[in-house]
Amino acid sequence: MATTPSTLTPLTFTGLSPYAKDFQSIITRSVDIAQLSITQLNNEASDISSEEQLATGIQTAVGNLATTLSNLNSLGSNQSLSGTSSNSSLVQVNASSLASPASFTISNITSLASTASYSTTNGYANATSTAVSSTGSMQLVINGTAVTPNIDLTGSGNNNLNGLASAINALNAGVTATVINTGTGATPYFLSISANTTGSKTIQLVDDPNGAQTQVALSGTAGANADFYLQGQHIVSPTNTITSAIPGMTFTIAGTTSGNQTVTLSAASDSSQISDQLETFVNQYNSLQQLLNAQIGPKAGLLLGNSMIGGIQQALHGIMNFRGGGTSGVQTLEDLGMQMADNTGVMSFNSATFDALTPAQIQTAYSFFASPTGFGTLAATLTSYSDLVTGSIAGQETQWTTETTNLSSKINTLVDQANQMQSTLAAKLQAADSLIVQMQTQQQALTAAIQSLNFTAFGYSNTNTSTFNPSSGSSSSGG
Amino acid sequence: MQELVQSLVHTTAFLGRAAQDEPDAVERALAERGRAIEAIQRLIAAEASAGRAISEAFAGELTTALEKGRQILVRLTLARELMRSDRLAVERELQVLNGIRRLCAKPSGSLSLHG
């Protein structure tokens, strides 16, 4: 709906001349004409802005509903299997996308993955001046293998703790060196070297690798791997999060077992996921329907007649009328507890109906949601409207953007013209002021001359003429 | 004397005809008219000092020139008012246009539909 445009109010013209009325009508007409195009622009801009806002709201609502439909489709496909751990303090299930129920046993968790961390045993007096190498050449050794190239500290100002830390970090060898200042004693500076990731890893530092090959004394701990058995198979992992041992399930080792302790990871059906999604579905459906209803009927908004509205409504009808391919059990949304109020079109979810479903009926519900021509297709239909890049609402938005650009161009032209007109009028006004002042001065002088003449010739000063005073807009008798 | 009156009548008539789009010509006519009025003032003063009467025809022509000047002044003032109102209208147009321009500009926090 267009907002009320700002209007140009013509001035009320007060003049002496019998033509003053004509002047007034000229001013009013010119202002009205100027107002026409501006009102039109104002309405266009306002309408486009409103349409965009409405479309954005509908796009979001459609996108939300499409996501929920897609979630229901996925839950149907994987039978809403969710992963659980019998002891989450030892093993946690991060994600499960297993296609069928299953369980796995983990035992003998003897070690968690940890990060290697060392520091120099001996401190240094100064981080920027105390030499750390006898020759300026050092070597980083990880897991017994030398990292190439050697560390070169021969450059000016490099043979010190700060230079060594920078050089180690520049190797990008998977470790990070840091200078630590303990602040105590004569040699408070130490070099810390830590691995960037967990896993078993030894770190050594060698001075003069091409000569004396002196080991720099380091103290600390080598990293460790996670060590456990899955279904009786020994697994050693540098990380605690295991992503590939069970295809479709990711879990994290969080503690070690004692004795014969075992942890069971299960993927089992959880129908509450379905009911949660149905609750969400109902709310989103009603929100979207409300937005659509506002664009339909005698009190419809600016999107009245827009084909998107009809298309989305048709998609919603498709959802409500969808029937599963089976002959028994859950075949409609109504079977799951979805109810549509006849008089308002508002949908509701009766959780009692859902909770009363038997396990066998729940299985048919999974088939209902997983139907290849069902919720997945319906979700795709909605996404074809809501997709932020390829959706038809986004396409409509592109058109509006083009219209807005054209509108801006028109406005800029009008602004330029108005600015030019303003300057011209200002100059003319100044000239007119000057002209009027001069003319007034002359009229006063002429009046004085006539008064003088009358006095000289006839002994009185009445000129029997009137003088005009523009500022008061009235005439007065002279002398 | 007659020349002065003719100059006054002539320049006043020109000002009555001249459009404001001819500022130089109007300026020249104003200057000439001003000089004619000053000369007439001096002439009247001189005649008064000499104790001579001035013809009624001369007085009548001066009065006519004064009346025409008054009409010109009315017209100039009307034209000025028209320009002033035009300028106000243009300024309002600019305000409205700038308002629409702000409406067209998308707020930075708005949701982009293009990813």
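Rules behind the numbers
- Position numbers for residues start from 1 in each chain and track the written sequence from start to end.
- Chains carry letters from A onward and ligands carry numbers from 1 onward, assigned in written order.
- It should be noted that, the model being predicted, local features are given only for residues of pLDDT at least 70 and side-chain atom pairs only at 80 or more, the latter also being counted only at that level, while totals for whole chains, interfaces and linings use all residues.
- pLDDT gives the predictor's per-residue confidence on a scale running from 0 to 100.
- We call two residues in contact if the C-beta atoms placed from their backbones are at most 7 Å apart.
- Fitting a line to C-alpha atoms yields each axis, with helices limited to the stretch in contact; the angle taken between N-to-C directions then spans 0 to 180 degrees.
- In this text, helices come from DSSP runs of H or I with a minimum length of four residues, and strands from runs of E with a minimum of two, each type numbered from the N-terminal end.
- Roughly parallel means an angle under 35 degrees; roughly antiparallel means over 145; roughly perpendicular covers 65 to 115; every other angle is labelled oblique.
- Each crossing gets its handedness from the near helix: less than a right angle anticlockwise from the far helix is left-handed, clockwise is right-handed.
- Gly is put with the polar residues, along with every residue not named as nonpolar or charged; the nonpolar set is Ala, Val, Leu, Ile, Met, Phe, Trp, Tyr, Cys and Pro, and the charged set is Asp, Glu, Lys and Arg.
- Think of it this way: DSSP has to see at least two bridges between two strands before they count as a pair.

Student: Any chance you could break down the confidence of the model for chain A for me, citing the residues and the numbers?
Tutor: For chain A, mean pLDDT is 84; residues scoring 70 or higher make up 87% of the total. Note that residues 1–20 of chain A has pLDDT below 50 and, in this model, 43 contacts with residues that lie over four places away or in other chains.

Student: Give me the packing of helix α4 (residues 307–320) of chain A against helix α7 (residues 375–386) of chain A: which residues, what numbers.
Tutor: Residue and element names in this part refer to chain A. The N-to-C vectors of α4 and α7 enclose an angle of 165°; their axes lie 10 Å apart at closest approach. As judged from the angle between their axes, α4 and α7 are roughly antiparallel. As α4 packs across α7, the resulting crossing turns out to be left-handed. Across from M308, G311, I312, A315, G318 and I319 in α4, the residues of α7 making contact are L378, T381, L382 and Y385. Split by residue class, the contact of α4 with α7 holds seven nonpolar, three polar and no charged.

Student: Report on the sheet that holds strand β12 (residues 218–221) of chain A, specifying residues and quantitative values.
Tutor: Residue and element names in this part refer to chain A. Read across the sheet, four strands follow the order β8-β9-β4-β12 without closing on themselves; strand pairing throughout is antiparallel. Because the sheet does not close on itself, it has two edges, and the strands there are β8 (175–181) and β12. Between one strand and the next, the sheet's axes are offset by a mean angle of 20°, whatever the strand orientation. One ladder, built from four bridges, connects strand β4 (residues 115–120) with β12; its direction is antiparallel. Following the sheet pairing, S119 is matched in β12 by S219.

Student: Quick one: what's the story with the packing of helix α1 (residues 2–17) of chain B against helix α2 (residues 23–50) of chain B, residue by residue and with numbers?
Tutor: All names here are of chain B. The geometry of α1 relative to α2 is characterised by a closest axis approach of 9 Å and an angle of 150° between their N-to-C directions. By the angle class used here, α1 and α2 are roughly antiparallel. Every pair of crossing elements has a handedness; the one defined by α1 and α2 is left-handed. For the pair α1 and α2, contact is made by L4, S7, L8, T11, T12, F14 and L15 and by V26, A29, L30, E32, R33, A36, I37, A39, I40 and L43, respectively. Its residues assigned to classes, the contact of α1 with α2 shows twelve nonpolar, three polar and two charged.

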